[in-house]
Every structure is written in structure tokens, then in C-alpha cells.
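Observations on chain architecture
Read off the chains here:
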Amino acid sequence: MAESQRAESESSGNLTEAEIAVHWKEEEYFVPPPKFIGQANLTDPAIMERFGLDRFPECFREYADLLTWDQYWHTTLDTSHAPFYKWFVGGKLNVSVNCLDRHLPLHRNKAAIIFQAEPEEEPPQVLTFQELWVRVNEFAAVLRDHCKLKAGDRVTIHMPMVPELPVTMLACARLGVIHSVVFGGFSGEAAGRRAADSTSKVLITMDGYWRNGKTTDHLANLKASLDASKADGHEVPMVLVWQRYREKMLSTTPLQKGRDFLVAELLKEKAGVRVPPVSMPAEAPFFLMYTSGTTGKPKGCQHSTGGYLAYVAGTSKFIQDIHPTDVYWCMADIGWITGHSYIVYGPLALGTTTVMYEGVPTFPDPGRPWRIAQRLGVNIFHTSPTAIRQLRKVGPDEPRKYDYHFKHMTTVGEPIEPEAWRWYYHSVGKDEAVIVDTWWQTETGGFLCSTKPGIDRMKPGSAGPGIPGIHPIIFDENGHVLPPGSQKAGNICIQNPWPGLMQTIWGDPDRMVRQYFAKYNKNPKSTDWRDWPYFAGDGALIAADGYYRILGRIDDVINVAGHRLGTKEIESACLTVPHVAEAAVVPVADEVKGRVVEVYIALKPTSKTPPNEVAQKVTLAVETSIGKIARPKTVHIVPDMPKTRSGKIMRRVLAGISNRMDTGDITTLANPDVVETIRKQVQGDAPVATKKGPDDIARFGKVD
Ligand code: WTA
């Protein structure tokens, strides 16, 4: 940090770490229902000793032993290139065998995936393990024979929530092909940039899908994807197009002969073909998942084959309490890490039935999720605080109208307010279900903090302790440990590696070290994992009971409805509009989505375009570059940006204005007068606010 910036952040007058905790009221505990404990996979408190640091890393054998290996490993953990770890070295396995083939002898015609379309009149589609296995084999044959893909090649998958998505992923897994699934709601351009970064040989997409009562022409994104990839120096040679309905196209976008192929056509000659699974080394890359960070370019988190699968299987069993007899429904999108780990790979590795829903939870009314749960007999339910807040807002009394019974519920992706938690517990869970608030990240592959559902008491708003084998620690900026009950917030880190931790950032290993490990590492040459705490990028507190409360990101990432968006990414999109001289993006607290995005724009002096026209162009640019999820709530066109004397835009001042919070000390700015002008423009003539806001917003823009 430069000296001038350090002075600014220290004199900002915002919340001190000690103050944060003072506002935090201790919540009362809830105990897991006895009926749940009676059937839980994990009830032995000795698990914490079994997974204690003194048993590390061998404790994770227990997870790896949940899998079927073609060849057993000889080394549980190789740290010789720390922090690039290798797990279960020497082992070989195939993911699709673990998710499908091995379940066939006992469960051939049990439901593997139940797909519920958004139109309510479309009956649920059941894919048994046999049927899913057949489809995966046939599609793997297309990838192998038509696309000529082999182990280690990359493909980009830009698809909505339909069963063809897990079919595609598992077919890649069968061949050892590395998939990179891009959230279907991301724009074509966003998909294309990711395809270029991974130099994908094939882009797999779909004609359209249902969303909010309408079909979407998803294939219309294709041109932008291919153009964006080309602009980044990579031409994607082949495109495969699935159809939502075999008998018709939901898109009017024409296919280009020789480049684009309808999957239905290619599958015709593959009926009955079986593809031998490719036995992959445990440490072979399995998939990439792009996520936002502090710089403009999304980074491809590379996950491993054996370590990742072992970790998601183990956590699905212990924390999700998945038994093969359960009907499990995670309402996330498979295009995010939650969907990879806890819709597809974890549940299927354990041979359970996983439910997929195509559409919007509140379509056509807020009773929809509970009708689905009732009809399918769902007993494990998994969703985000945003969905919980939304369903509570529009249909607080809906759950009790339906006869479903959950034994277990999960919340993930954002901090949950104790009030929303209690509605989830009493109304959705009908006081019968245990809740786990799971804290983790794209980079971590699986859960990090959560209560153990059959053992620990729950505390609304707190994720809980580190799960078995995960040993969190909170450091202050100077690397001092903040002990339990210290009432101070700091940076949450994990002391030890674990099998689900990403292997590297695709094509940028330095960034992996810089961003996640450099901060508290004292010896960059060390091959001892103890020297490499994993820096998560979240602020957190640990209470006297050892429960962690996650406060939110400490970097330039904004968590909108549980989706990670990089401010720099959004700002670069704004800067593509010709009239824009400067752009600054800030988070704004929102009742339902947690945070939303607001944009501040300073125009070029030469611009004659009316401000509202520029604002529209900026919104469109963000939607085109990233997708509708990043659409700014408001675009403010301002005369100038508040800046430091060294010319840095003070985003924290803008965040303060947008949130009607104290803007802190502005006397060190180069242009302090502009602050009042902007404040009046945004807030009107109301008196100056002095409210202290949420911690992540108060810190926003302070960390470089
Ligand atoms: C936030 C999603 C509070 C956090 C699995 C993290 C949470 C980021 C929780 C990762 C939780 C996730 N409580 N905050 N239970 N879970 N977060 O990569 O800021 O999309 O760093 O992974 O979401 O988001 P990502």
C-alpha cells in the first residue's frame, strides 16, 4: 500500500474493528431435532479428534475411501511445491464411474436426477442411474468421435438448468476432458472470454430455456461468444447445440455449417454406444470454474479429480447428511460452484436422487418450491439467503400450505440475517429440520465452516466452527491471531490445505500464490504447509464458542444475490461506452439481494450526449459484457469523481453516499467540495447522514 493511501484509510473515520463486534448481539442456540440425530450420518463427536491437526493429512483418507479407485494412492499429500498441493498421489479413478457405473448393480433404476421444468404442466422428468449412464455414454461418444476430444482438452459449456447440462459434464468426466461451465445467465461475451482463457476446443450451448414464463433465445449469445473469444486471440473451432425440445428449435439463430452441430443429430448414430471410462490420475485437472477477483479478468479456478471428488463426497455425507435414500434438492444453478459440488458431483457420488429445477423460484407464484418439494418428496433442501428473503417477502405463509417435510436445510453464499434464518427454520423447516449455514468459496471446492448437523447447536447468523479437517484462524492485518471471543473482526484464513482446495489459477499460478497465500506467508520457499495459511478474502469474527460469523468480502468483490461480481470487471464494461471518462462501482445494501450495484460515471468533457442516454448505454454495456445479474440499480452521472491527491477515485466515499452512510473524513481529498454536490444529487436535500453501515460496505474501497 502506498503511504498516501495508508494515511487515507487510517483517517477514514469509519468503523474500527473493535466497534463492529459491539453491534453484534449474541443469538440464542437451536438444538438439532432428535429425529434428525437419530438417522444422521455423523453423530460421533470424536470426529473432531479424528480430523484434528495432529492427524493431518491422513484424516482425509476417510473421504477418499468413499470413492471407487482404479488404483489406490501411495501418498496422501505431497507438499513439495507448496502451496500447489497434490492429494492422493499415485491414485487413479474416473469421476463418471464414481457417480454412475458403481451405483448400477444396486440402484440401476433408481432416480439419479429428477428434472422439473419451469412450466408447471410439464411433468417431472426422471433419469434413472441407468438412463443417465446411457446418455452420458452416448454423448461421450459424440465428444470422442465427432469432436475428437481427449483427456486434458478443455470445453466451455454455456447452458441453462436442464438435465443435458450434467449429462455434458459427466460425459467430459468420462473422457478426462476438462469442463468449464459458465453460468447460463452470463452474457455471450462473458462465455467467450472464458472460452479463450481456457483455449476451449468446443463450445457447448443450447437453443433456449424457460425463465419467468417465457422462453429465452439462448443461442442468440453464440455470435458474441465466438467474437469475444476471437478478440482474445482464440478461435473456437466447433459448437454443439442441445435443444430444449427435440422436435423444435427455441432459437431463430442460424447454425453455421461445418462449425455448429445439433447434438440430437450427432446422437442418432451413437445409440447403444458405450465409452470406456478413462482412468485419470487423482491429481489430473478435473474442471475449471471462473470467478471474480480483484482484477478485471475472471480467474479460472482449477479443481482436481481425486481430491475434489473425495472432498465433495465426504462433505455431502457428513454436512449435507446425504443418504442414498434421500431426495435432495439444491436450488442453486449448476453454473456456480455450489451446483457443481452439491447438485451434481457430491450427491451423485453418494448415489442419491438429486432434483434440478429449471426456472425462477417464485414462478408462477411463491408456493412453487413447496409444491415441487411436496410432489417429489424432497427431504433435503438447499438454497441461498437471497432466495429465502425473496420467498419470505412475497409468500411468508406459503410453506405451511404444503405437505412436505425437510429433515435438513442449507443456506449458502451470503451472510444470512438472524431474522431470515428464523423464518427459514420455523416456516420453511416447520421446526423439524436442522439448518446448516455453510461458508465456502469457488476456490475451496467444498464447505469450510458449518455446524455438524447431528452434533452441534445452531446459532442464527453464524456459519459455525470449521468442519472436520478444516482449521480456520483469524489474523489481524499484522498477522496477530484474534482468539475466540476477542470481539474483533479480522481476516479469516485456513491453516491447513484440504483435498477440495483448487490446484491453481488456470494459466496464472503466480496469481494463486499472490492472492491466496502470500499475505501471511513468511517463507516463500517453504514446502511445509504450516507456512502457507489460505487467505480467503472475507472478514470474520470468532465468538467465544468457536463459531465463525462471516462479515463479507474485504476485496473489490460485490456479492449480489450470492453471485460474486468484480467491481473492476463492471467498471471495464462501463468504460467501453465512448462518452465515459471514469467509472466507479459501489455496493448498495438491498433488502432481498443483500447487495446490489450502483455505478458512478464522469463524462468526457467533450460529451454532448444527454446523461440519461449515457446511463442507458452503460447499463447495456454491463449486461452485454457480464450479464443481467450485474445490471446496475442506478447509474449516477456526476460532474467529477472524489479523488485523492494522487488521483485515485475514492470509492468508499461514493459507497457512503449511495448507502446514506457516513462518508468518513474527506479533508484529504483533492476535491472535497464535489462530495456534497454528489451527495445532494443522489440523496436530495436531506440532512447529511451519519449512519454506520454494514461492515463490508464500511470497509469497501479501503483495501487495495
Ligand atoms: C460469501 C459460493 C456468509 C463469502 C459457495 C465468500 C458467505 C463468497 C457464505 C464466495 C456464508 C459464501 N455466509 N458469506 N454461509 N457462503 N459466502 O465463490 O463472501 O460464489 O467469500 O462461492 O461468498 O462466493 P462463491
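This report concerns the structure included in the present document. Quick caveat, the model's predicted, so the values are computed rather than measured.

**Remarks on the overall build of the protein**
- Scanning the protein from terminus to terminus reveals 23 helices and 30 strands.
- Computed over C-alpha atoms, the radius of gyration of the protein comes to 25 Å, within 12% of the 27 Å expected from 2.2 N^0.38 for 704 residues, which places it in the range of a compact globule.
- Seen through its principal axes, the protein has C-alpha atoms that stretch 75 × 60 × 60 Å.
- In the protein, buried positions account for 63% of the 704 residues.
- Considering only contacts within the protein whose residues lie at least 6 apart along the sequence, 73% involve residues at least 24 apart.
- Per element, the accessible surface of the protein, about 26,000 Å² overall, is 53% carbon and sulfur.
- In the protein, 80 positive and 81 negative side-chain charges are present, and the distance between their average locations comes to 3 Å.

**Description of the site of the ligand**
- The immediate surroundings of the ligand are formed by 17 residues, with Asp437, Thr438, Thr442, Asp538 and Arg564 found nearest.
- The separation between an oxygen atom of the ligand and a polar side-chain atom of glutamine 441 is 2.9 Å.
- One of the side-chain nitrogen or oxygen atoms of arginine 564 is found 2.7 Å away from an oxygen atom of the ligand.
- Expressed as a share of its isolated accessible area of 530 Å², the protein-covered part of the ligand is 96%.
- Secondary structure elements with two or more residues in the shell around the ligand: helix 14 (337–349), strand 20 (434–438) and strand 25 (548–553).
- Tallied by class, the residues present in the shell around the ligand amount to six nonpolar, six polar and five charged.

**A short note on the pattern of salt bridges**
- Evaluation of the coordinates by the stated rule reveals 41 salt bridges.
- Across the pair arginine 553 and aspartate 555 runs a salt bridge, and its minimum N-O distance is 2.4 Å.
- Salt-bridge contacts for glutamate 571 lead to arginine 651; the nearest nitrogen and oxygen are separated by 2.8 Å. Here glutamate 571 is found in helix 19 (residues 567–574), whereas its partner arginine 651 is found in helix 21 (residues 651–658), with 80 residues between them in sequence.
- For glutamate 571, a relative accessible area of 5% corresponds to the buried category.
- Residue arginine 651 is classed as buried on the basis of its relative accessible area, which comes to 16%.
- Each of Glu120, Asp365, Arg368 and Arg371 takes part in one network of salt bridges that share partners.

**Let's talk about the environment of glycine 562**
- For glycine 562, the position within the fold is in the loop between strand 26 (557–560) and strand 27 (563–566).
- Sequence-wise, glycine 562 and alanine 112 are 450 residues apart; in three dimensions their C-alpha atoms are separated by 27 Å.
- Ignoring any residue separated from it by four or fewer positions in sequence, one finds glycine 562 in contact with Thr386, Gly413 and Glu414.

**With respect to the packing of helix 9 (residues 164–175) against helix 14**
- Where helix 9 contacts helix 14, the axes come no closer than 12 Å and their chain directions differ by 60 degrees. Between helix 9 and helix 14, the angle is such that the two are oblique. In the crossing of helix 9 with helix 14, the sense of the turn from one axis to the other is right-handed. Here helix 9 contributes Pro166, Met169 and Leu170 to the contact with helix 14, which in turn contributes His340, Val344, Tyr345 and Leu348.
- In terms of residue class, the contact of helix 9 with helix 14 is made up of six nonpolar, one polar and no charged.

**Things to note about the sheet that holds strand 22 (residues 490–494)**
- Strand order across the open sheet formed by four strands is 21-22-24-25, with antiparallel pairing between neighbours. With one partner strand each, in any of the chains shown, strand 21 (472–475) and strand 25 form the two edges of the open sheet. For this sheet, the mean angle separating the axes of adjacent strands, direction not counted, is 45 degrees.

**Description of the state of the cysteines**
- Under the criterion given, the structure shown has zero disulfides.
- Looking at the unpaired cysteine 493, the closest cysteine sulfur is the one in cysteine 449, lying at 12 Å.

**Focus: the packing of aromatic side chains**
- Enumeration over the complete set of coordinates arrives at 44 aromatic pairs.
- On the numbers, 5.7 Å between centres and 80 degrees between planes, the contact of tryptophan 440 with phenylalanine 447 is edge-to-face.
- The class for tryptophan 440 is buried, based on a relative accessible area of 10%.
- For phenylalanine 447, a relative accessible area of 0% puts it in the buried group.
- Put simply, the rings of Phe51, Phe56, Phe60, Tyr63, Trp69, Tyr72, Trp73, Trp87, Phe88, Tyr311, Phe318 and Trp529 pair up and form one aromatic cluster.

The rules behind these values
- Residues numbered from 1 in each chain as written.
- Predicted model: local features only at pLDDT ≥ 70, side-chain atom pairs only at ≥ 80, totals over all residues.
- Heavy atoms only, no water.
- Helix = DSSP H or I, 4+ residues; strand = E, 2+ residues; numbered from the N terminus.
- Rg over C-alpha atoms; globule rule 2.2 N^0.38 Å.
- Buried < 20%, exposed > 50% of the residue type's maximum accessible area, 1.4 Å probe, protein only.
- Contact = heavy atoms within 4.5 Å.
- Areas by Shrake-Rupley, 256 points an atom, 1.4 Å probe, with all protein chains shown as cover.
- Lys, Arg positive; Asp, Glu negative; His and termini not counted.
- Charge placed at Lys NZ, Arg CZ, Asp CG, Glu CD.
- Near = heavy atom within 4 Å.
- Polar contact = N/O pair within 3.5 Å; in protein donor to acceptor, adjacent residues only side chain to side chain.
- Nonpolar A, V, L, I, M, F, W, Y, C, P; charged D, E, K, R; others polar.
- Salt bridge = Lys/Arg side-chain N within 4 Å of Asp/Glu carboxyl O.
- Axes fitted to C-alpha atoms, helices over the stretch in contact; angles between N-to-C directions.
- Parallel < 35°, antiparallel > 145°, perpendicular 65-115°, else oblique.
- Left-handed = near helix turned anticlockwise from the far one by under 90°.
- Pairing = 2+ DSSP bridges.
- Disulfide = S-S within 2.5 Å.
- Phe/Tyr/Trp six-rings, centres within 6.5 Å; stacked < 30°, edge-to-face > 60°.

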